[in-house]
Amino acid sequence: MRIARFSIDGNVAFGVVEGEGSGLPGDLVLDIIKGIPYADFELSGVKVPLSKVRLLPPVLPNKVVAFGRNYAEHAAELGNAVPDAPFAFFKPTTSVIGSGDSIEYPSFSSELHHEAELAVVIGRMCREVPRERVKDVIFGYTCANDVTARDVQKREKQWARAKGFDTSCPLGPWVETDLDPSDLTIQATVNGDQRQLGRTSEMIHSVEDLIVNISDAMTLLPGDVILTGTPAGVGPLNVGDEVAVSIEGIGTLTNKVIKRG
């Protein structure tokens, strides 16, 4: 099931996406959900064409926990060693945007990079999740772009500014709730040219590993997002570029880079 969050006529709602497609409106329609989708919900039967709404970030997370250097080839391309254990950092909620929203090139950077990632959306409050229960706490999966000011990341020991600036966490286009994340194609294109191509099976630490790791330290809440790392091929973004992240079984997240301010 694909669940989108959207606005129409000034109202915000969730809806189940019906029809075939990977991110373009086409003939897709939304059956509006009564309430929020994290618990059992009912469909209203009121349907609107996807082409008539504005897609929003599919969730409003309390926190975004991201894991770095979780693909060996990506760690190598930046000259970094593979960490012995999962390596986590945070992106603030103010960094989150949806598919179709603009990435604002930060004024303090001159080297902006794309990072295509599989994002996990948490579906229930949980802590210290045992490996065998991880699937029970997952709501679904979406596409993410961990946009990074690479020069700032290299210069500053903390990654807060490099990876946490406004618009640095595109998510979307929707959440896919019925998906096996263990071996999916993940790619990024810039202006239609392929930059990244990998498979989630190349992760050093699996989705289960990452959720066990972070839930040992903190409580996860419904709507929280876990970013699982990026495959090799990260590269520069310039003002005017259109970057698209596509993941098999989910769809395509598309954003354009604009000048900030």
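The shown structure was predicted, so the numbers you read here are calculated from the model rather than taken from an experiment.

Another point: the overall build of the protein. Along its length, the protein carries five helices and 20 strands. Against the compact-globule benchmark of 18 Å for 261 residues, the protein has a radius of gyration of 17 Å, which places it among compact chains. Structurally, the protein occupies a C-alpha span of about 55 × 45 × 30 Å along its principal axes. Within the protein, the fraction of its 261 residues that count as buried is 53%. Long-range contacts, defined as pairs at least 24 residues apart, comprise 70% of the intrachain contacts of the protein with a sequence gap of at least 6. For the protein, the accessible area works out to roughly 11500 Å², and carbon and sulfur atoms hold 48% of it. The positive charge centre, built from 25 side chains, and the negative charge centre, built from 35, are 6 Å apart in the protein.

Let us now look at the packing of aromatic side chains. Under the criterion given, the structure shown has four aromatic pairs. Considering the side-chain rings of F89 and W159, the 5.1 Å spacing of their centres and the 70 degrees angle between planes classify their relative orientation as edge-to-face. Residue F89 is located in strand β7 (residues 87-91), and its partner W159 is located in the loop between α3 (150-155) and α4 (160-164); the two are separated by 70 residues in the primary sequence. Take F89: its relative accessible area is 10%, and that puts it in the buried class. When the centroid spacing of 6.2 Å and the interplanar angle of 80 degrees are considered together, the rings of F108 and F165 count as edge-to-face. You can see F108 sitting in the loop between β9 (102-105) and β10 (112-114) and its partner F165 sitting in the loop between α4 and β14 (169-176), a full 57 residues away along the chain. Overall, F108 belongs to the partly exposed group, its relative accessible area being 26%. An aromatic cluster is built from F87, F89 and W159, whose rings are joined through pairwise contacts. Over the aromatic face of F108 sits the side chain of R161, whose NZ or CZ is 4.6 Å from the ring centroid.

Overall, antiparallel pairing links the three strands, which are arranged β13-β10-β18 in an open sheet. Each edge of the open sheet is held by one strand with a lone partner, namely β13 (148-149) and β18 (235-237). Alignment of β10 against β18, held across three bridges, turns out to be antiparallel. Bridge assignment links H113 to a residue of β18, and that residue is P236.

In this structure, P173 follows G172 across a cis peptide bond, with omega equal to 5 degrees. Structurally, P173 is set in strand β14. Phi at D9 is positive, roughly 55 degrees, even though this residue is not glycine. By the element assignment, D9 lies in the loop between β1 (2-8) and β2 (11-18). On the basis of relative accessible area, D9 is assigned to the exposed category, the value being 75%. We note that E128 has phi near 50 degrees; this positive angle belongs to a residue other than glycine. Looking at the element boundaries, E128 is found in the loop between β11 (116-122) and α2 (134-137). Given a relative accessible area of 51%, E128 falls into the exposed group.

The rules we used
- Residues numbered from 1 in each chain as written.
- Predicted model: local features only at pLDDT ≥ 70, side-chain atom pairs only at ≥ 80, totals over all residues.
- Heavy atoms only, no water.
- Helix = DSSP H or I, 4+ residues; strand = E, 2+ residues; numbered from the N terminus.
- Rg over C-alpha atoms; globule rule 2.2 N^0.38 Å.
- Buried < 20%, exposed > 50% of the residue type's maximum accessible area, 1.4 Å probe, protein only.
- Contact = heavy atoms within 4.5 Å.
- Areas by Shrake-Rupley, 256 points an atom, 1.4 Å probe, with all protein chains shown as cover.
- Lys, Arg positive; Asp, Glu negative; His and termini not counted.
- Charge placed at Lys NZ, Arg CZ, Asp CG, Glu CD.
- Phe/Tyr/Trp six-rings, centres within 6.5 Å; stacked < 30°, edge-to-face > 60°.
- Lys NZ or Arg CZ within 6 Å of the ring centre and 35° of its normal.
- Pairing = 2+ DSSP bridges.

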